[in-house]
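Commentary on secondary and tertiary structure
Below, each chain spelled out in residue letters.
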Protein chains: 2
Amino acid sequence: MDEHDQEPEKVLDVPIEHGARTMESTVQSVGMKDKFLYFDVRGRGEAIRQLMVLGGHSFEDVRISMEEWPGFKDQMPLGQVPVLEVNGTKIGQSVAILRYLGHQLRRAGSTPLECARLDMIGEVVQEFTNTEGAGKLPAVLLGFIKANKEEFYKTKIVPDVDKYAPIIERFLLENGNNGLFSGDRETWVDIFAAETFSKLTDYASHDALDAYPRIQALITRIHNIPAIKEHIAKRKPTPA
Amino acid sequence: MDEHDQEPEKVLDVPIEHGARTMESTVQSVGMKDKFLYFDVRGRGEAIRQLMVLGGHSFEDVRISMEEWPGFKDQMPLGQVPVLEVNGTKIGQSVAILRYLGHQLRRAGSTPLECARLDMIGEVVQEFTNTEGAGKLPAVLLGFIKANKEEFYKTKIVPDVDKYAPIIERFLLENGNNGLFSGDRETWVDIFAAETFSKLTDYASHDALDAYPRIQALITRIHNIPAIKEHIAKRKPTPA
């Protein structure tokens, strides 16, 4: 009952031929840029912007103001942003967008099993962004949640960091401690984690990651990639 | 500032050559079956089991008792199950496992953009499983949360169904109302949604989906696929 009695059969972890899904396609081009719709904050959108910048992927960076939002909301597939619009197809959910672009821009794993491991790590980062403490930092910064920022940091955010950051450190260690989650090339999950955790030191507390040197090193590495470094240098300050 | 000034460049949505990542590999086989580790309940594991059954993917169905769990917990990448172990590599997070198997078993989208749309829908189903009402049904059923089941259903679960089921219905409608989320072949997201919502009628209230005919039709369709029908017929009852 607990075991199925078919013949043993195994799916090997062969390298993905990126050409099949990305290389050929990037050579072709049509007139319309992808459109990226989000608010004028880092929030759940900045990792996506950085991934496109890293991949040299031209996009229209639509930043929706609070006044404009009601006019956009009903046209979004989930009534939410971020949304990536590709040839008229709108994709919502930030992690779905990151993964799609990761594959398109060759910033994913190089085998199906590496992709699965990256997806697992991506889910952990996503969980962290959905926590009641760390996940609510933007809402506190933007005033949607009325709270004293220092108090909220100490009592609500620090416990979430204490829970999730060690897991992230361990995943970084497992990949030969080379500073990345998988292989030797930055993927969408490296960008996603670096952006997510750097918001803690940028917006919550400068010492938020003092106990987590591998996450700090990941952030430093990502932020020193020339394309991203230039993007961050030009980026105007936003409240969250 | 809001627009990047690179040349317009576009990644077209070309069909994925499944052969590159799945067909070749399924032909090869090694002696060791994938091992699927979860508790002896449907919970977050049954959709994964059904997907493997659908794909004819042989696996060792390890069902961990509460007594055995402490001996397993520390060996799991996130201290949690479900976990799929492939040649010694352990993948956690149910959605990461579903997506991996979906691609390996040709039960994913047939273009990158279809995959992205399915990922978006998968994220919505996942959100539903993480809600404070519907998501906590297993904990109520297993007694981890002390609550009157009928009262919990009416006050906590129904609002979550009212929020998420219409979105799911709309995604089903968008695909030409053919009963599936994408294309004309059942994918991992169809299996995931059918299992997630069928637990409501099986465990919470028989009329839970009366207002949602497309979700009911999806469940009926999935449960009548011969391999899954046989699996369900043989399945022993579990408390959640």
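Residues numbered from 1 in each chain as written. Chains lettered and ligands numbered in written order. Predicted model: local features only at pLDDT ≥ 70, side-chain atom pairs only at ≥ 80, totals over all residues. Heavy atoms only, no water.

Description of the sheet that holds strand β1 (residues 34-39) of chain A
Cut-off, in case you're wondering: For two strands to be treated as a pair, DSSP must find no fewer than two bridges joining them. Helical segments are the DSSP runs of H or I of at least four residues, strand segments are the runs of E of at least two, and each set is numbered from the N terminus. Helix axes are fitted to C-alpha atoms over the stretch in contact, other axes to C-alpha atoms as well, and angles between N-to-C directions run from 0 to 180 degrees. Residues are treated as being in contact if the distance between any of their heavy atoms lies within 4.5 Å.
The strand order across the open sheet built from four strands is β2-β1-β3-β4 (chain A), with neighbouring strands paired in mixed fashion. Lying at the two open borders of the sheet, with one neighbouring strand each, are β2 (59-64) and β4 (89-92) of chain A. Geometrically, the sheet is characterised by an average inter-axis angle of 20 degrees between neighbouring strands, direction not taken into account. In this structure, strand β3 (residues 83-86) of chain A lies alongside β4(A), joined through four bridges in antiparallel fashion. Each residue of the ladder has a partner; that of V83(A), found in β4(A), is G92(A). Helix α5 (residues 112-129) of chain B contacts β3 and β4 of chain A of the sheet and is inclined by roughly 40 degrees relative to β4(A).

A few points about the packing of helix α5 (residues 112-129) of chain A against helix α4 (residues 94-104) of chain B
So the rule is basically this: Angles are sorted into four bins: roughly parallel if under 35 degrees, roughly antiparallel if over 145, roughly perpendicular if 65 to 115, and oblique for all others. By convention the crossing between two helices is left-handed if the near helix lies anticlockwise of the far one by an angle smaller than a right angle, and right-handed if it lies clockwise. We call Asp, Glu, Lys and Arg charged. Ala, Val, Leu, Ile, Met, Phe, Trp, Tyr, Cys and Pro are nonpolar, and the rest, Gly among them, are polar.
Following both chains from N to C, one finds α5(A) and α4(B) inclined at 155 degrees, their axes separated by 8 Å at the closest point. Judged on the interaxial angle alone, α4(B) and α5(A) are roughly antiparallel. Here α5(A) and α4(B) pass one another in a crossing that is right-handed. Where α5(A) abuts α4(B), its residues P112(A), L113(A), A116(A), D119(A), M120(A) and E123(A) lie against V95(B), A96(B), R99(B), Y100(B) and Q104(B). For the contact of α5(A) with α4(B), a count of residues per class yields seven nonpolar, one polar and three charged.

Let's talk about the pairing of strand β3 (residues 83-86) of chain B
All names here are of chain B. The condition is simple: With a 1.4 Å probe rolled over the protein chains alone, any residue whose accessible area is under 20% of its type maximum counts as buried; one over 50% counts as exposed, and the rest are partly exposed.
Burial along β3 is two-sided: the face carrying V83 and E85 and the face carrying L84 and V86 are both buried. In this sheet, β3 lies alongside strand β1 (residues 34-39) in antiparallel orientation, the contact comprising three bridges. Counterpart to F36 in the pairing with β3 is L84. Between the antiparallel neighbours β3 and strand β4 (residues 89-92) lie two residues, among them N87 with a positive phi of about 50 degrees.

Regarding the nonpolar core
Looking at soluble globular proteins, one finds that nonpolar side chains tend to be buried together. To be explicit about the condition: In plain words, nonpolar cores are sets of buried Ala, Val, Leu, Ile, Met, Phe, Trp, Tyr and Cys residues tied together by side-chain atoms within 4.5 Å.
Counting 146 residues, the largest nonpolar core has F181(A) and F181(B) as its most contacted members. In contact with F181(B), not counting residues within four places along its chain, are R117(B), L118(B), I121(B), I168(B), F171(B), L172(B), N175(B), V189(B), D190(B), A193(B) and L218(B).

Topic: the domain arrangement of chain A
All names here are of chain A. Heads up, the condition is: Start and end points for every domain follow an automatic or database-based domain assignment. Reported buried area values correspond to the accessible surface (1.4 Å probe) lost by two parts on association, with both partners' losses combined.
Splitting chain A by domain gives domain 1 (8-104) and domain 2 (112-234). Listed as interface residues are 20 residues of domain 1 and, on the opposing side, 24 residues of domain 2. In total, about 2100 Å² of surface goes out of reach between domain 1 and domain 2, with carbon and sulfur atoms giving 62% of it. Counting the surface domain 1 buries against domain 2, the share from its top three residues, R42, Q50 and L54, is 30%.

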